[in-house]
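Listed below, chain by chain, are the residues.
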Amino acid sequence: MPEIQWWFEPDYSNESFSQLWDGARGDRVQMNATYVFHATSTLYLMNLRPEDSGTYECRASNDPDRNHLTKSPRIKWIRSQANVIVIDHDSPIIITNSPEEIVEGTYVILSCNLTDPTLPISGHEWLKGSKVVQEDKDSSQIMFYNVSEVNAESSGQYTCKFLTTPEVGEVINVTVSPHVIAYKKSEHGNEGDTGVLTCKSSSFPPVELWAWSLVTEGGIESDHLTTAGEPIVNGSKDRFIIKSSGNKTELRILKLDIEADQGTYACNGTNFLGTTGATVSLRVRSRLAALWPFLGIVAEVIILVTIIFIYEKRRKPDEAPEAAEFASGTMKSNSGANHDNMYCHVLRKTNKRSP
């Protein structure tokens, strides 16, 4: 699966291409990447400004050495460019109550005030990201939105949009510390295979730094942070590969070892508001683990055949008396029949001599 990167070269300066990251330019740059059947990456530019004008370039490569510091990639990056021109115009000023410090779990009211009273307004829209969460047909110059509880789910970028000609709006950020969770609390792998551990965060702003560690004895585990662990560095021991992108991180362990790799792993995510983490338990099974059910079935069959054989062998001596009894009964029956015939013969001779 290829990796996709975004680069930017401004129009009105001598600067060369520089790489763009999710959350750059004061969180006005957002990236969304999906890796299912194909690799797809989308770049969003929020609240455009004249300095955003320039050449945007996406680069893709699936060479394993594409980010190596010393090796040159065998497969070069494939590139595609697009030019963006931002036209500057005098837009009306929108005053927001963007809170500088938001306490998680509290109630917040967001507001925007359009300062130009001559601009006709046909309605308002509140958006969270690109989704409309509230709208009306009011012509007021002030609009409000209630965030009932600030948490990971309600955090994000809210845009207040005045339906004018042209439309104008402003972005308000509702931020919280990372809410890191493990994709699976427990993972299993066979010895010699590749183990994959995944953590993600659903909060805003995105995680700026991901860190993996192996929890050692005496380590402190909790739902928020794990300490006293052995740090894992990307590429260490030629078996650990860490791939992080925004609110998701993945740890791959090549050639699982039942003695060295089994244990509890911690993933910690950090943004400018703090650090939180989660743990994943990894269990490594022996290569012969898949054979045990089969061997159990074979053993059951052998035991069953042995029982049947012993039972049949013990039944055969009991058939001899029955055969002897059957033979003696036949002889008695025959002797009785002969006696009756002799008796009848004697009677016949006696009757002839009588007068």
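In this text, all values refer to a predicted model and were calculated from it rather than measured experimentally.

### Concerning the overall build of the protein
Thinking step 1. Summing up its helical and strand segments, the protein has 3 helices and 22 strands in all.
Thinking step 2. Within the protein, contacts between residues at least 6 apart in sequence are counted, and of these 58% link residues at least 24 apart.
Thinking step 3. Carbon and sulfur atoms form 55% of the exposed surface of the protein, whose accessible area is close to 23,600 Å².

### Overview of the packing of aromatic side chains
Thinking step 1. The full count for this structure, using the stated rule, is 3 aromatic pairs.
Thinking step 2. When the centroid spacing of 4.7 Å and the interplanar angle of 45° are considered together, the rings of Phe8 and Tyr56 count as tilted. Here Phe8 is found in strand S1 (residues 3-10), whereas its partner Tyr56 is found in strand S5 (residues 54-61), with 48 residues between them in sequence. Here Phe8 and Tyr56 have matching classes, each one buried.
Thinking step 3. Seen in terms of ring centroids, Trp126 and Tyr145 are 5.8 Å apart; in terms of plane orientation they differ by 35°. Their pairing is tilted. Taken together, the residues span a long stretch of sequence, with Trp126 in strand S9 (residues 124-128) and Tyr145 in strand S11 (residues 142-147) at a distance of 19 residues.

### Let's talk about the state of the cysteines
Thinking step 1. Summed over all chains, the structure comprises 2 disulfides.
Thinking step 2. For Cys112, the disulfide goes to Cys160, at an S-S distance of 2.0 Å. The disulfide joining Cys112 to Cys160 has a torsion of about -90° about its S-S bond and is therefore left-handed. Separated by 48 residues along the polypeptide, Cys112 in strand S8 (residues 108-114) and Cys160 in strand S12 (residues 156-162) bring together distant segments of the chain. The exposure classification of Cys112 matches that of Cys160, with both residues buried.
Thinking step 3. For the protein, the bonded cysteines pair up as 1-2, 3-4 when numbered in the order they occur along the sequence.

### What to know about the pattern of salt bridges
Thinking step 1. Throughout the structure, instances matching the rule amount to 7 salt bridges.
Thinking step 2. Its salt-bridge partner being Asp52, residue Arg28 comes within 2.8 Å of it at the nearest N-O pair. Taken as a pair, Arg28 in the loop between helix H1 (24-27) and strand S3 (29-35) and Asp52 in the loop between strand S4 (39-45) and S5 lie far apart in primary sequence, 24 residues in all.
Thinking step 3. Assessed through its relative accessible area of 9%, Arg28 is described here as buried.
Thinking step 4. Note that Arg59 is salt-bridged to Glu57, the shortest N-O span being 2.5 Å.
Thinking step 5. We classify Glu57 as buried; its relative accessible area is 3%.
Thinking step 6. The network of salt bridges with common partners includes Arg25, Arg28 and Asp52.

### Considering the environment of Lys237
Thinking step 1. Considering the arrangement of structural elements, one finds Lys237 in the loop between strand S18 (227-232) and strand S19 (240-245).
Thinking step 2. For Lys237, a relative accessible area of 58% puts it in the exposed group.
Thinking step 3. Taking the C-alpha atoms as reference points, Lys237 and Leu254, 17 residues apart in sequence, are found 9.8 Å from one another.

### Describing the sheet that holds strand S16 (residues 195-201)
Thinking step 1. Spatial strand order, S14-S16-S20-S19: 4 strands in an open sheet with antiparallel pairing. Only two strands of the sheet have a single neighbouring strand rather than two, namely strand S14 (180-182) and S19. Within the sheet, the average angular offset between the axes of one strand and its neighbour, ignoring direction, is 20°.
Thinking step 2. Alignment of S19 against strand S20 (residues 248-253), held across 6 bridges, turns out to be antiparallel.

### Description of the sheet that holds S12
Neighbouring strands of a sheet are bound in pairs by backbone hydrogen bonds; such pairs are parallel or else antiparallel.
Thinking step 1. The 4 strands lie next to each other as S10-S9-S12-S13, forming an open sheet whose pairing is antiparallel. Pairing within the sheet leaves two strands with one partner each, and these edge strands are strand S10 (131-136) and strand S13 (168-174). With direction set aside, neighbouring strand axes in the sheet form an average angle of 20°.
Thinking step 2. Looking at chain direction, S12 and S13 are connected through 7 bridges and run antiparallel. Bridge pairing links Phe162 to Val168 in S13.

Conventions and cut-offs
Residues numbered from 1 in each chain as written. Predicted model: local features only at pLDDT ≥ 70, side-chain atom pairs only at ≥ 80, totals over all residues. Heavy atoms only, no water. Helix = DSSP H or I, 4+ residues; strand = E, 2+ residues; numbered from the N terminus. Contact = heavy atoms within 4.5 Å. Areas by Shrake-Rupley, 256 points an atom, 1.4 Å probe, with all protein chains shown as cover. Phe/Tyr/Trp six-rings, centres within 6.5 Å; stacked < 30°, edge-to-face > 60°. Buried < 20%, exposed > 50% of the residue type's maximum accessible area, 1.4 Å probe, protein only. Disulfide = S-S within 2.5 Å. Salt bridge = Lys/Arg side-chain N within 4 Å of Asp/Glu carboxyl O. Pairing = 2+ DSSP bridges. Axes fitted to C-alpha atoms, helices over the stretch in contact; angles between N-to-C directions.

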